[in-house]
Amino acid sequence: MKRLSLLTFVFAILSLVFIILLVFLRFPFPVYPLMSYQDAFDVLTPLVLIPVYYLLFRTSSNNRPSVTEVIAFMVLSAFWVEGQGMHLAANSIHNLMDALAKNSVLDVKGTDLFQLTYFFDEKLGHYLWHIGMLGLAALLIYREWRDPAGEATAWWPVIVGGSIYGLSYALIFLEGEDVFLGLPFAALVALLTLIWGRRRLARQPVLAFFFVACLTATLLFIGWGLYWGGFIPPSGAGII
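Description of the structure in this document.

The rules we used
- Residues numbered from 1 in each chain as written.
- Predicted model: local features only at pLDDT ≥ 70, side-chain atom pairs only at ≥ 80, totals over all residues.
- Heavy atoms only, no water.
- Helix = DSSP H or I, 4+ residues; strand = E, 2+ residues; numbered from the N terminus.
- Buried < 20%, exposed > 50% of the residue type's maximum accessible area, 1.4 Å probe, protein only.
- Lys, Arg positive; Asp, Glu negative; His and termini not counted.
- Salt bridge = Lys/Arg side-chain N within 4 Å of Asp/Glu carboxyl O.
- Contact = heavy atoms within 4.5 Å.
- Phe/Tyr/Trp six-rings, centres within 6.5 Å; stacked < 30°, edge-to-face > 60°.
- Lys NZ or Arg CZ within 6 Å of the ring centre and 35° of its normal.

### Here we look at the side chain of Asp147
Part 1 of the reasoning: Summarising the element assignment, Asp147 is placed in the loop between helix 5 (112-146) and helix 6 (155-175).
Part 2 of the reasoning: Buried charge without a partner: Asp147 forms no salt bridge, and the closest opposite charge is Arg146, 6.0 Å away.
Part 3 of the reasoning: Each residue touching Asp147, except ones within four places of it in the same chain, is listed here: Ser60, Ser61, Asn62 and Asn63.

As structure tokens, this is what we get:
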């Protein structure tokens, strides 16, 4: 199996586990019960995913990255990590507030404390994280497009991995309530690849992976919006 194709598959699985599936671990963490298992494992998310992004960044091209590309990778990674960390902390506090209110211990909803926590959790944290996520995807596509490694695409890991990542991508932006960022990017990548990149797909695994992912996400966005009459978050629909 080709290395880059397998790496995109690993990236998709790790993204699904650390960004989506951890939500099902919302029960107290014994070491510090105010936290959940989700919070504890989510601390590892950037430590796992950013190195995989870097491996894709380095191996998607035959040439060493330029200074500009390295700086772009560092800045976008900083956006990703800062946003994810901000969301992790604020979301943990937000969950605790909800639990306290549900158990009639303390209800701070409607207060400035709740509003500020909500802002860092659902607004600023998501925007920074997701801008970093989209920027890194664009950088990986650009780097391989400009000077591909020349590795043939292994289609089964790319198609399966791309479909999994497309599902994760759609859920991330739906739950983050910033479909206005995720949908245009996904649709644009899919469209531009169909117009100018079709012949590259067989020799550019990273492009093929993001094409499958973005096409999958675009179709999911459209189907979700039609079914629900808008882009309500999965938690609001009672799914997660």
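### Considerations on the packing of aromatic side chains
Part 1 of the reasoning: For the structure on display, the rule yields 22 aromatic pairs.
Part 2 of the reasoning: Here the aromatic rings of Phe11 and Tyr165 are separated by 5.1 Å at their centres, their planes lie at 40°, and the arrangement is tilted. Taken together, the positions of Phe11 in helix 1 (residues 3-20) and Tyr165 in helix 6 put the pair 154 residues apart, joining distant regions of the chain. Pair check on accessibility: Phe11 and Tyr165 agree, each one buried.
Part 3 of the reasoning: Aromatic side chains Tyr169 and Phe173 sit 4.8 Å apart centroid to centroid with 40° between the ring planes, which places their arrangement in the tilted category. Pair noted here: Tyr169 and Phe173 are both in helix 6, with a separation of 4 residues, about one helical turn.
Part 4 of the reasoning: Note on Tyr169: relative accessible area 3%, which makes it buried.
Part 5 of the reasoning: By relative accessible area, which is 0% here, Phe173 ends up buried.
Part 6 of the reasoning: Put simply, the rings of Phe11, Tyr53, Trp80, Trp129, Tyr165, Phe209 and Phe210 touch in pairs and so form one group of aromatic residues.
Part 7 of the reasoning: Seen from the ring of Phe57, Arg143 lies directly overhead, with NZ or CZ sitting 5.1 Å from the centre.

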